[in-house]
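Reading the structure
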Protein chains: 2
Amino acid sequence: MGVTRVYSYTLAGKAGVTPEQVRKDFSEYGIKGNRRGGYLTESLIRAIEVIFSRDRKSNVVVVGMGNLGQALSRYERFAGRGINIVATFDIDPYKHKSRSDIHVYPMERLEEITERFGVTVAILAVPEISAQEVCDELVNLGIRGIVNFSPVLLKVPQYVVVNNVNLSDEIESVILSVRRMKEEQTLFL
Amino acid sequence: MGVTRVYSYTLAGKAGVTPEQVRKDFSEYGIKGNRRGGYLTESLIRAIEVIFSRDRKSNVVVVGMGNLGQALSRYERFAGRGINIVATFDIDPYKHKSRSDIHVYPMERLEEITERFGVTVAILAVPEISAQEVCDELVNLGIRGIVNFSPVLLKVPQYVVVNNVNLSDEIESVILSVRRMKEEQTLFL
DNA sequence: TGTATTTTGTGAATTGTTTCACAATAGATC
DNA sequence: GATCTATTGTGAAACAATTCACAAAATACA
Ligand SMILES: NC(=O)c1ccc[n+]([C@@H]2O[C@H](COP(=O)([O-])OP(=O)(O)OC[C@H]3O[C@@H](n4cnc5c(N)ncnc54)[C@H](O)[C@@H]3O)[C@@H](O)[C@H]2O)c1
Ligand SMILES: NC(=O)c1ccc[n+]([C@@H]2O[C@H](COP(=O)([O-])OP(=O)(O)OC[C@H]3O[C@@H](n4cnc5c(N)ncnc54)[C@H](O)[C@@H]3O)[C@@H](O)[C@H]2O)c1
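If you're wondering where the values come from, they're calculated on a predicted model, not measured in any experiment. (Residues numbered from 1 in each chain as written. Chains lettered and ligands numbered in written order. Predicted model: local features only at pLDDT ≥ 70, side-chain atom pairs only at ≥ 80, totals over all residues. Heavy atoms only, no water.)

**Concerning the protein's contact with DNA strand C**
The local shell around DNA strand C holds 21 residues, among which Ser8, Arg23, Gly33, Arg36 and Tyr39 of chain A are the closest. Backbone sugar and phosphate groups make up 61% of those atoms of DNA strand C lying within 4 Å of the protein. Taking Arg23 of chain A, its side chain carries an N or O atom lying 2.7 Å from a base nitrogen of DNA strand C. Take Tyr39 of chain A: an N or O atom from its side chain is 2.7 Å from a phosphate oxygen of DNA strand C. Sorting the residues of the surface near DNA strand C by element identifies helix H1 (8-15) and helix H2 (19-28) of chain A together with helix H2 (19-28) of chain B as the ones contributing at least two each. Examining the composition of the surface near DNA strand C, we find that four residues originate from one element, H2 of chain B, more than from any other. (Near = heavy atom within 4 Å. Polar contact = N/O pair within 3.5 Å; in protein donor to acceptor, adjacent residues only side chain to side chain. Helix = DSSP H or I, 4+ residues; strand = E, 2+ residues; numbered from the N terminus.)

Right, dumping it as structure tokens:
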């Protein structure tokens with residue numbers, strides 16, 4: 001778009017944070033701007049890509065191809081973020097008949113495929129009841145990071161990273177904030 | 001299951017936090033335990049249900065019935081959390097022919113339905129490009145809270161709550177943690 | 001070339017959160 | 001019923017994150 005320079009307050013506005021925050025964070029990672037001239041977009045983008053390792057693609061698998069697993073596997077924009085879904089898995093034989101574009105493998109092929117593609121991160125979208133069991137299997141196969149969508153705390157060795165994404169909580173938190181806001185407003189009347 | 005008492009360290013273990021955290025939080029909301037006897041499960045559950053308003057159901061709508069919108073609208077467990085999806089909407093006429101269980105309304109019926117069901121919270125799962133436009137429409141109709149799945153910062157009046165859920169970020173964060181962990185490990189060898 | 005202006009970079013101050021430490025106390029044991 | 005024990009409840013301490021405030025630098029302009 002022809003923009004060559006950008007200022008901490010511009011980025012802050014777009015990101016919904018303060019300019020100081022932007023500068024502190026950049027400073028933390030050694031990103032230098034130009035006093036008076038702001039940051040050069042070119043080098044800034046490159047620096048950010050390196051910091052977030054977007055220059056290297058990461059191979060991941062999706063386990064559990066129900067509602068969520070399917071939605072995630074069909075999202076095309078992950079590629080632009082260095083997230084490369086190489087295969088998806090499900091225990092249900094009905095799901096293996098690829099009705100759509102994406103191929104779903106049986107669990108038996110998990111080991112072979114994770115090894116072949118050097119997969120270290122898995123997206124876990126199985127029902128609550130199977131989550132720990134599938135998690136154990138993933139850890140056994142050498143998976144080192146799990147994005148867990150089921151509302152359970154997974155037990156993993158300390159060398160495995162788990163990020164719990166609880167969509168019910170995300171929605172509930174908005175419901176609560178709205179309720180509290182309304183109550184506050186009532187008090188002022 | 002017959003359990004009548006529970007201790008701060010039991011809950012802490014299950015939740016992955018410290019016992020002090022559990023007690024501080026409970027104390028903040030006036031939940032009293034019994035020194036030596038821990039907390040009574042019955043009254044604790046009731047207290048939590050009240051704090052999170054799970055005793056009152058909240059009507060919400062889903063706007064954008066693509067991959068994610070469909071996945072969310074098919075999730076049955078929201079009901080148990082007081083989240084009641086009363087209707088779903090999409091601009092695409094093809095989506096209105098309900099291939100499945102859930103009915104998808106055209107955007108023209110948004111006003112009528114949100115009013116009828118007293119909806120104040122919306123789940124926004126439309127493409128990035130339409131997000132702000134649809135958001136504006138929702139705010140105009142009186143929506144006070146938005147769970148936003150598109151990777152853009154929505155501009156809303158201060159009386160509207162937005163919770164941004166960025167699934168790419170959630171996955172990326174695990175990829176980064178795993179990479180950093182591996183690098184650390186390499187240093188020790 | 002000198003002065004004014006804009007924006008960065010960062011210590012210091014502030015604000016917020018988590019952990020520590022221990023007195024208070026309810027219940028268990030003898 | 002006296003003593004011992006486990007657990008809460010919470011100020012104080014430690015730690016973490018954010019905001020403030022301003023000197024330093026780069027550019028613009030006279
Ligand atoms: N869909 C949502 O909007 C939503 C919202 C909040 C939380 N979640 C959570 O996300 C997870 C997935 O939700 P969903 O709606 O996609 O569930 P789903 O039931 O639609 O899909 C789960 C899939 O996992 C597969 N599966 C079951 N056991 C398996 C195993 N042992 N190994 C491999 N695959 C197995 C099933 O065959 C199914 O295809 C659940 O834990 C759910 O609680 C989903
Ligand atoms: N699917 C994922 O896993 C995923 C991951 C990360 C982020 N997201 C974000 O979530 C959002 C939804 O993703 P998706 O994969 O479901 O997209 P999608 O393209 O599958 O679905 C979007 C839906 O919104 C509808 N729509 C478009 N414009 C509209 C309008 N003006 N009013 C009403 N409906 C409209 C479309 O008809 C379509 O059905 C996007 O912003 C995407 O960036 C999705």
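**Some details on the layout of surface pockets**
Each pocket or cavity is described by its volume, and for the largest pocket that value is around 1800 Å³. The wall of the largest pocket is formed by 41 residues, among which Leu11, Ala15, Ile48, Phe52 and Arg54 of chain B lie closest to the centre. The element that contributes the greatest number of residues to the lining of the largest pocket is helix H8 (residues 167-188) of chain A, accounting for seven residues. Of the pockets and cavities examined, the second largest pocket occupies roughly 1500 Å³. (1 Å grid on protein atoms, 1.4 Å probe; cavity = no way out; pocket = protein on both sides within 12 Å on 5 of 7 lines; lining within 4 Å. Points joined across faces, edges and corners; volume = space filled by probe spheres on them.)

**Some points on empty space enclosed by the protein**
Counting across every chain of the model gives two cavities of 30 Å³ or more. Roughly 50 Å³ of volume is contained in the largest cavity. For the largest cavity, the full set of lining residues is Glu172, Ile175, Leu176 and Arg179 of chain A together with Phe52, Ser53, Arg54, Arg56, Ser58, Arg81, Gly82 and Ile83 of chain B. Residue contributions to the lining of the largest cavity peak at four residues, all from H8 of chain A. Taken together, the residues of the lining of the largest cavity break down into four nonpolar, three polar and five charged. Within this model, the second largest cavity holds a volume of roughly 40 Å³. Broken down by element, the lining of the second largest cavity gets its largest block of residues, three residues, from helix H8 (residues 167-188) of chain B. (Nonpolar A, V, L, I, M, F, W, Y, C, P; charged D, E, K, R; others polar.)

**Some details on the nonpolar core**
In this structure, Ile123 and Phe149 of chain A together with Ile123 and Phe149 of chain B are the most contacted members of the largest nonpolar core, which totals 42 residues. Counting residues per element, the ones that place at least two in this core are strand E3 (58-63), helix H4 (67-73), strand E6 (121-124) and H8 of chain A together with strand E3 (58-63), helix H4 (67-73), strand E6 (121-124) and H8 of chain B. (Core = buried A, V, L, I, M, F, W, Y, C linked by side-chain atoms within 4.5 Å. Buried < 20%, exposed > 50% of the residue type's maximum accessible area, 1.4 Å probe, protein only.)

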